[in-house]
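Residue-level structural notes
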Amino acid sequence: MEQLFDLSLLNSTVRMVTPILLAALGGSLCARVGIFNVALEGLVLVGAFGAILGNALTGNLFLAVLIAIGSVLLFSLLFAYITIHLRANEIVAGVALNFLAAGLTTFLLRTIFSVKGAYYDNEMHGLPAWDLPFLQQIPVLEQLFSGHTPLVWLAYLFVIGLHLFYFKSVAGSRLLAVGENPVAAQSIGLKVRKIQYAAILGCGLFCGLAGAQLSLGQVTMFSEGMTAGRGYIALVAMMLGQSNPVGMLASSLLFGFMDALSIRLQGLSIPTHFTLMLPYVMTVIAMFFFRDKSYLKNTGANSSAR
Amino acid sequence: SGNNQAATENTGGNGEQPQQAKQKVALILPEKIGVNPFFQLMDEGTKKAAEEFGVEEKTIESTDQAAIEQNLRVAVAEGYDLIITSSFESEDALKKVAAENPDKKFAVIDTVVDLPNVRSVVFREQEAAYLVGAAAGLSTKTNKLGVVAAQDIPMLKKWTVSFQEGVKATNPNASVSVNYVGSFSDPAKAKELALLQNSQGADFVFGASAVGDLGVFEAAKEKNFYTSGQDVDRTEMDPAHIVLSQLKDTDAVAYDTVKQFAQGNYQPGVSEYGLKENGVGVTYITHESKTPVNPFISQETIKKVKQIKDDIISGKITVADPTKQ
Amino acid sequence: METILEMERITKKYGQFTANQEISFALREGEIHAIVGENGAGKTTLMRILYGMEQPTSGTIRIHGAEKRFANPAEAIDSGIGMVHQHFMLFPSRTIAENIVIGNEPRKSIWFDRKQAIAQVGALAERFRLPIAPGQKVGDCPLGTQQRVEILKVLYNGAKIIILDEPTAVLTPLEVKELLITLRGLAEQGKSIILITHKLHEVMEVADRITVLRNGRVTGQLEASQTTVEEVSRLMVGRELDGIRRETQQAGQPLLQVNRLFIRGKKGKPLLDHVSFHVRSGEIVGIAGISGNGQSELVQALTGLLPVDEGTVLLQGKEITNRSVKQIREAGLAHIPEDRYLWGTAKEASVKDNAIMGHHRLKEFQRGGILRQRKLDQLVTGWINSFAIKTSSLANKAQNLSGGNLQKVIVAREIGHATPFLLACEPTRGVDIGAMEFIHQQLMDKRNRGEAVLLVSSELSEIMTLSDRILVMFEGKVVGELNAETATEEQISLLMAGGKQP
Amino acid sequence: MKQWKQTLSSLIHPLIALLIGFLAGAIAISVTGTPILQAYQEMWTGAFGNLYFLTSTLARSTPIILLGLGISLAFRSGYFNLGAEGQMVLGAVAAALTALYMPGSGIVKLLAAMAAGMIAGGLWSLLAAWMDAKFKVNLLISTLLLNYIASLFAGYLVTEPFKDTTGSAALAQSRMIEQGAWLPKLFAGMSLHAGFVLAVVIAILLTLLLRYTVFGYELKITGQNPLFAAYGGVNRTRVMILCMLTSGALAGLAGTVEVLGSQYRYIDGSLTAPGYAWTGLMATLLANSNPLGTTIAAVFLAALQTGAMGLERNTNVPLEISSVIQAALILFISARFTYSFLKRRKEEKNNGATV
Ligand SMILES: Nc1ncnc2c1ncn2[C@@H]1O[C@H](COP(=O)(O)OP(=O)(O)OP(=O)(O)O)[C@@H](O)[C@H]1O
Ligand SMILES: Nc1ncnc2c1ncn2[C@@H]1O[C@H](COP(=O)(O)OP(=O)(O)OP(=O)(O)O)[C@@H](O)[C@H]1O
Ligand SMILES: [Mg+2]
Ligand SMILES: [Mg+2]
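Small disclaimer: the values here were computed from a predicted structure and weren't measured. (Residues numbered from 1 in each chain as written. Chains lettered and ligands numbered in written order. Predicted model: local features only at pLDDT ≥ 70, side-chain atom pairs only at ≥ 80, totals over all residues. Heavy atoms only, no water.)

**Considerations on the overall build of chain A**
Our working definition: In this description a helix means any DSSP run of H or I spanning at least four residues, a strand means any run of E spanning at least two, and both kinds are numbered starting from the N terminus. It is over C-alpha atoms that the radius of gyration is taken, and the globule rule equals 2.2 Å times the number of residues to the power 0.38. A 1.4 Å probe rolled over the protein chains alone gives each residue an accessible area, and that area as a share of the maximum for its type sets the label: buried under 20%, exposed over 50%, partly exposed in between. Contact between two residues is taken to exist if any of their heavy atoms lie within 4.5 Å; hydrogens are not considered. Each accessible area is a Shrake-Rupley estimate made with a 1.4 Å probe; only the visible protein chains count as cover when residues are assessed. We score Asp and Glu as negative and Lys and Arg as positive, and we do not count His or the chain ends. By convention, charge coordinates are those of NZ in Lys, CZ in Arg, CG in Asp, or CD in Glu.
Scanning chain A from terminus to terminus reveals 13 helices and 2 strands. Whereas a compact globule of 306 residues would reach a radius of gyration of roughly 19 Å, chain A reaches 20 Å, a difference of no more than 12%. Per-residue burial over chain A gives 63% buried out of 306 residues. Across chain A, the fraction of contacts at a sequence separation of at least 24, relative to all contacts at a separation of at least 6, is 75%. For chain A, the exposed area adds up to about 10,700 Å²; of that, 68% sits on carbon and sulfur atoms. Each charge sign in chain A was given a centre, from 16 positive and 12 negative side chains, and these centres are 19 Å apart.

**A word on the overall build of chain B**
The number of helices and strands found in chain B is 9 helices and 12 strands. What you see for chain B is a C-alpha radius of gyration of 21 Å, in line with the 20 Å of a compact globule of 325 residues. The 325 residues of chain B split such that 62% are buried. Of the contacts formed within chain B by residues at least 6 apart in sequence, a portion of 67% connects residues at least 24 apart. With an accessible surface of roughly 12,000 Å², chain B has 46% of that area assigned to carbon and sulfur atoms. Within chain B, one finds 33 positive and 45 negative side-chain charges whose respective centroids are separated by 5 Å.

**Looking at the sheet that holds strand β3 (residues 82-86) of chain B**
All names here are of chain B. Heads up, the rule is: By the convention used here, strands pair only if DSSP detects at least 2 bridges between them. Axis angles are defined between N-to-C directions and span 0 to 180 degrees, where every axis is a line fitted to C-alpha atoms and, for a helix, only to the segment in contact.
Overall, parallel pairing links the 6 strands, which are arranged β2-β1-β3-β4-β5-β11 in an open sheet. A single partner strand is all that each edge strand has here, and the edge strands are β2 (56-61) and β11 (269-273). Across the sheet, the mean angle separating the axes of adjacent strands is 15° when strand polarity is ignored.

**Points about the confidence of the model for chain B**
All names here are of chain B. Here is the rule: A score between 0 and 100, pLDDT records how confident the predictor is in each residue.
On average, residues of chain B score 87 in pLDDT, and 93% of them reach the 70 mark or higher. Note on residues 1-19: pLDDT is under 50 here. Beyond four places in sequence and across chains, it has 26 contacts. Listed scores for the predicted complex are pTM 0.87 and ipTM 0.85.

**A word on the pairing of strand β13 (residues 254-263) of chain C**
All names here are of chain C. Note: β13 against strand β14 (residues 272-280), 6 bridges, orientation antiparallel. Its bridge partner lying in β14, Val-258 is registered against Phe-277. As defined by bridge partners, β13 adjoins strand β16 (residues 310-315) across 5 bridges and the pair is classed as antiparallel. Along β16, the bridge assignment pairs Phe-262 with Glu-310.

**Points about the sheet that holds strand β22 (residues 452-456) of chain C**
Residues and elements named next belong to chain C. Here 6 strands make up an open sheet; going across it, the order is β18-β21-β22-β15-β23-β24 and the pairing mixed. Every interior strand has two partners, whereas the edge strands, β18 (333-336) and β24 (477-483), have only one. The average undirected angle you get between the axes of adjacent strands in this sheet is 20°. Two elements, β18 and strand β21 (residues 421-425), share 4 bridges in a ladder whose sense is parallel. Within the sheet, the bridge partner assigned to His-335 lies in β21 and is Leu-423. The sheet contacts of helix α14 (residues 403-416) involve β18 and β21, and relative to β18 the element is tilted by about 175°. Sheet contacts for helix α15 (residues 433-448): β15 (284-288), β21 and β22; angle to β22, the most-contacted strand, approximately 145°.

**So, the interface of chain B and chain A**
Here is the rule we go by: By definition, the buried area sums, over both parts, the 1.4 Å-probe accessible area that each loses when the two are put together. Whenever a carboxyl oxygen of Asp or Glu lies within 4 Å of a side-chain nitrogen of Lys or Arg, that contact is scored as a salt bridge. Any N or O atom pair separated by 3.5 Å or less is treated as a polar contact, with the protein-specific requirement of one donor-capable and one acceptor-capable atom, and with residues adjacent in sequence counted only for side-chain atom pairs. Lys, Arg, Asp and Glu make up the charged group, whereas Ala, Val, Leu, Ile, Met, Phe, Trp, Tyr, Cys and Pro make up the nonpolar group; the residues left over, Gly among them, are polar.
Contact with chain B, which involves 31 residues of that partner, is made by 30 residues of chain A. The three residues of chain B that bury the most area against chain A are B:Glu192, B:Leu196 and B:Glu218, which together make up 22% of that side's buried surface. Viewed at the interface, chain A and chain B are joined by 4 salt bridges. Residue B:Glu61 pairs with A:Arg110 through a salt bridge whose shortest N-O separation is 3.8 Å. Taken together, the connections running from chain B to chain A amount to 9 residue pairs in polar contact (both at pLDDT 80 or more). For the side of chain B that touches chain A, the element with the most residues is helix α6 (residues 187-199) of chain B, which contributes 9 residues. Within the side of chain B that touches chain A, the residues separate by chemical class into 13 nonpolar, 9 polar and 9 charged.

**Considering the packing of aromatic side chains**
Put simply, the rule reads: Each aromatic pair joins two rings of Phe, Tyr and Trp (for Trp, the six-membered one) with centres within 6.5 Å, and gets the label stacked for planes under 30 degrees apart, edge-to-face for over 60, and tilted for any other angle. We call a charge positioned above a ring when the Lys NZ or Arg CZ atom is no farther than 6 Å from the ring centre and deviates by at most 35 degrees from the ring normal.
Within the structure shown, the criterion is met by 28 aromatic pairs over all chains. Between A:Tyr280 and D:Tyr148 the ring centres are 4.2 Å apart and the planes differ by 5°, which places this aromatic pair in the stacked class. Here A:Tyr280, found in helix α12 (residues 272-289), pairs with D:Tyr148, found in helix α6 (residues 139-159), and the two come from separate chains. Relative to B:Phe204, the ring of B:Phe163 has its centre 6.3 Å away and its plane inclined at 10°; by these criteria the two rings are stacked. Note that B:Phe163 is positioned in helix α5 (residues 157-170) and B:Phe204 in strand β8 (residues 204-208), a separation of 41 residues in sequence. B:Phe204 shares its class with B:Phe163; the two are buried. Taking NZ or CZ as reference, A:Arg32 lies 5.1 Å from the ring centre of A:Tyr166, over its face. Sitting over the ring of C:Phe438, C:Lys408 keeps its end group 5.9 Å from the ring centre.

**Re the site of ligand 1**
Residues and elements named next belong to chain C. Counted only if it meets this: One heavy atom within 4 Å of a molecule or strand makes the whole residue count as near it.
Taken together, 13 residues lie around ligand 1, and Gly-40, Gly-42, Lys-43, Thr-44 and Thr-45 are the ones closest in. Between an oxygen atom of ligand 1 and a side-chain N or O atom of Asn-39, the distance comes to 2.8 Å. Considering ligand 1 on its own, with 630 Å² of exposed area, one finds that the protein chains cover 65% of that surface. For the shell around ligand 1, the elements supplying multiple residues, two or more each, are β2 (17-28) and α1 (43-50). Sort the elements by how many residues they give to the shell around ligand 1 and α1 lands first, with 3 residues.

**Some thoughts on the pattern of salt bridges**
Residue and element names in this part refer to chain C. Here the structure, examined in full by the defined rule, presents 53 salt bridges over all chains. Linking Glu-98 and Arg-94 is a salt bridge whose minimum nitrogen-to-oxygen distance equals 3.4 Å. For the pair formed by Glu-98 and Arg-94, the shared burial category is buried. The closest approach of N and O atoms between Arg-329 and Glu-414, which form a salt bridge, is 3.3 Å. Note that Arg-329 is positioned in helix α10 (residues 325-330) and Glu-414 in helix α14, a separation of 85 residues in sequence.

**Here's the deal with the packing of helix α6 (residues 150-168) of chain A against helix α7 (residues 170-180) of chain A**
All names here are of chain A. Condition: Note on angle classes: values under 35 degrees are labelled roughly parallel, values over 145 roughly antiparallel, values of 65 to 115 roughly perpendicular, and the remainder oblique.
Two numbers describe how α6 lies on α7: the axes approach to 5 Å, and their chain directions differ by 70°. When the interaxial angle is binned, α6 and α7 end up roughly perpendicular. Contacts between α6 and α7 involve Phe-165, Tyr-166, Phe-167 and Lys-168 from the first element and Val-170, Ala-171, Gly-172, Ser-173, Leu-175 and Leu-176 from the second. Taken together, the residues of the contact of α6 with α7 sort by class into 7 nonpolar, 2 polar and 1 charged.

**Things to note about the arrangement of the chains**
Where 5 pairs of chains are in contact, the pair with the most contacts is made of chains A and D. No interface is formed between chain B and chain C, the nearest pair of C-alpha atoms being 38 Å apart.

**Concerning the UniProt feature "transmembrane region" (unreviewed entry) in chain A**
All names here are of chain A. We count it as follows: UniProt positions are given in the numbering used here, feature names are shortened, and annotations may be inferred rather than shown by experiment.
Those residues carrying the UniProt feature "transmembrane region" (unreviewed entry) are residues 12-31, 38-57, 63-84, 91-113, 150-167, 195-212, 232-258 and 270-290 in this numbering. Along residues 38-57 the backbone is 90% helical and 0% strand, and the end-to-end C-alpha distance reaches 30 Å. Helix makes up 100% of residues 195-212 and strand makes up 0%, while its end C-alpha atoms are separated by 26 Å.

**Side note on helix α9 (residues 295-303) of chain C**
Here α9(C) has its buried residues at C:Gln295, C:Leu298, C:Val299, C:Ala301, C:Leu302 and C:Thr303. Looking one or two residues beyond α9(C), the residue adopting positive phi is C:Gly304, at roughly 90°.

Following this line, the structure appears as structure tokens:
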């Protein structure tokens, strides 16, 4: 075990999981109002591009993150308008948005930066690594949690924040109500559409941060399709965690650890394809233990409407 | 045959063209150019030659496997005079289309299609990877080296395996750990892999992960270890950490192909480009670089590796093609 | 008494169809005003307009003389209108208190103050004498409690006008009684109440005034004290109701025999506790009981939807215990389910697809796995005619049928199976008096043909009119058997509440 | 008269959506400086301009149709099969290996390969169905995850044990299947193969199955209200197992016909990179799970792709922009078009909470 998991591997896991976790948290906002958002992949990609664009334009990291969020919000607004106003099927719209994000970022990469493939500038600075002073005193934690960007810290704080939001705040309570029974929510005068819009935009905010962490935190560059499927993993983490912040943290970490383990196993003589399978296989196995209860109820959910 | 039906309105359309029709060259890439410098270079080389020698050029990127054949057929139908394509992915399609159109001229870069109307150009990348491995083996202080490769596919063995052979040749005590990103476009994961290899003691990490190499460079810069780049001279980006670059003259090859065609010297058959033909190489060893040699790679080492290069060229050392094993 | 609400010449058109035509209606402060009418008469539509869920095609609404327009329920709520929908608008995973305060929560800055909510709801419940436990999860509450939650929600939002759309359809007799007392109490405290119901005796019991709708128009407005059930029903249906014919006849051999049926429960208490009884050919046996005392489990066990742990069921002498639904149906059982939307239909499917369920397997209607569509069409069309089902076509979606008409489709389908035994659960729930009489007659005819019916109903009057014998269930046991001729409502009620048979 | 009016009004919404889609696309085109009309003309030509392009479009639509049909069948019975991709990949690799190693004549190989492809896809799908039925493992997540596992496994097969060592041996791919086992082409020199005919026939069969058979009826009802089906004596587990099996088999067949009809070998990644499975899902959703509608939607989506290729070839519009145009068209076409499906789902969700 010592061999397989050293602290630097776990440190890397904490960081690698961040964009997935952020996107999953965002996706849960949509899921909680009854919208299955498969566009997470595209939204994170747009965020990653926005962050680099912002950084290149302003040279200010804070503004860069804001621009990342702004560009994803714009995209989310489109998604919200099409699914809520035009009542498009959310999955079709989500898949199309993923196409759009891939095409648009590549196109803009070419027109704005005049490069194909990747934009990389040695002079560009990424998000700073913060060491929390009190953690530096503790030997193991110091290694585990050193050198992470503010967004990593923020992501883990958001787990708590979102938990409080869902289960302790008035706005969160209303949001959950819309997801649980939109007709009832409407009948007591809640603005269902407005809340759905807010949830989708909230999801955009999280995906923007996820993108910024990816392109300014993890690395400092943008490359075509650099999300590399993280949005879909986030979708799985969201479903496995049943849209529950702590659950999503757990399932993201599960996935992250398994991914880390698979990196270690690459050193052994197991074929790479099988080591790469490990996180997915383990997630399937995990599902035997964490069954989605809300999903089970659905079979009986066909009672009368009038 | 059916191909003639494929003619579209476009062919022969431009009536206002004053001089006699220019020769037309199509470059049909098997994938989107995307993050692949190999295709970028090919595109640049072709375009440059087209401009210089006054031929019309069109680059068509294929969205996926199924699109390659269609693009080839349309290029035939639209009357391109030379159709260049590239890579293993195009093999099947080109075999079909070239055989059906024996009067057309084709060229394929980076693989062999054995037909009388196809010019094939292949590279022996393994020779250059071997040299980088040799240099790394000589330079490492920790006797630990890393390789970050894109995917575990046969083609990449020309890099991963040959690099290891090179290391073994100069430093049998050094261990090499190979990690796969699982994707051609994931710099974030490539960077983490490089960081991990470094944390386990590797002081040089060989990048062979396409755009992921950019992540490897970042890791090297952050943690102060050494790495190498691919295709073009990457040492310019960060001479303090990117200490070598494995080179491949794709643009020159593409340029030559168009040039020969434009000058009426098109020749079918196979051309191989290795160290001997100067089609592949390594900075400082075979090619000059604008950046000075990093002290990590001593002049001593360079001298030794140059010797190895000469031995490869002379045939004293043979670097096997790992995909053929 | 002052008039608080006036709806004037309200017309609502859905395309070509006029659901409400020039309906005028006034509500006085502190009165209970009943609105009655056949299924599809336009009652719900009118109320949805008042509550801002639909926009009238023409007409005006005035509150305290001021003209109002409600674009959505929120605006109606602001004007002091509250609506208790027939099918509750609740969040089952939340507590009672949360359900009541939602939309108007007590808060500490941005946080939801749940303690405060529980306190406020407790106080409110006390003031209006509606007993509830604010911290309980709504999903775990019986329907009667859920109804009280709905009423409290309306009161919490400060409603002066309370609309109740068929509030009693799903309640037990006891719960109905409590509700009616509550309504009176609210009226005495100055609330104005609009009550929609198909049960005319309830109307006579609590209403001050009655408005009758038919085909989207007002056909009468009466003072409750000066009219009779007969007059109201004539205005509703447009004809006299005949009452059903019962022929005296000797019951035959036992068709269904249930022996010591036992189903274990989750928490110690068995769901069914050694239930034994039989039903003979030519008789209707009624099962009375407060819902939740094992009737649903009994029905599901008999029909193969729930496995039993012990005991046997014999149908026509053949054992059917724990057989599949298909095998049991083939053995001669038909089943009108308790909840027509949950079990009895697929709302999205066509009327035809809903009607042919079960018949589709018969040799008569299929050949080698291929459905014989023409014959099926004929079958269903026949029912539509004989049962007078109002539908635009066979392809019409079931959800577009009114509840009464959909119920007729189910009854036609199950009686159409012509099985020796019929299990009829709540066969007339939510159905207007005309349709109810028709369905009752169908059940009676079946009995008169010498077949057997087991009738499960929470409606005592229904049990008493139709049954030959009455069984009462309490806590998973059959606690009494009574002869329908001699049984009294009091006797049955006592048994239902757990009292001993005298 | 009334009927006619209704048809008209039901057509108006998709038409408006289409119009907005084309407008959005036009904005993207105008960014590149290409005349908008010319660009659309090129798209049209690239998709349907002549027999060659038409057949290319139909060839491309073939796997999408089969995937869409499979997904729609699962949908109809109430299950969301997101695993078509993995089922297709396993079907493809199974078909390729069977055609390579099965002894016998070409036609025997062909038939055995088709059977193997369908069985592999079907069993993979069944695994998810079984985990759902038996252990309540959410089908939505499990099918999504099984995709990754299937792709990696197929990749392993052609990287290690069954790698093509004949040619340049540089790609993760199987050897080429002998010509006798190929699916015949419909026109000489064009890519359209018999798989398309198969797909259309299956679409028609599915339509007939759903509309006219006892099983089709039971399947439909199970999808619309499983409890009603159970009450009526339908064996739900049997319906689910059969539907998921068939759904997976159709996805497997999609991979199989790509292998036997156009690539003649299994090439790692060649089925996943074009996103066939997601496109098939979109086709299904656009057509509200109607088999013939799914077929038409699949051809439409394929035409958008081949049209975009034509656009790239003949104008200055770069490839990325054509994917932007595609996305814009799909986005707005999905508007309202699929309304009834959405409505149903929303309602089901809501009703869970009432009484
Ligand atoms: N959304 C709608 N679209 C079209 N027609 C409708 C719609 N809603 C109601 N209707 C029509 O309005 C008529 C009146 O419906 P309403 O719901 O008001 O009846 P009701 O009196 O409440 O019936 P019930 O006693 O069964 O509850 C129905 O017959 C129906 O045809
Ligand atoms: N979308 C719709 N299209 C057409 N008619 C509708 C629609 N929605 C409702 N209706 C009509 O509304 C009428 C009454 O609806 P409502 O919901 O009040 O039924 P109901 O009779 O009250 O059912 P229940 O008896 O269960 O209360 C039905 O006749 C139905 O035709
Ligand atoms: Mg009503
Ligand atoms: Mg009603």
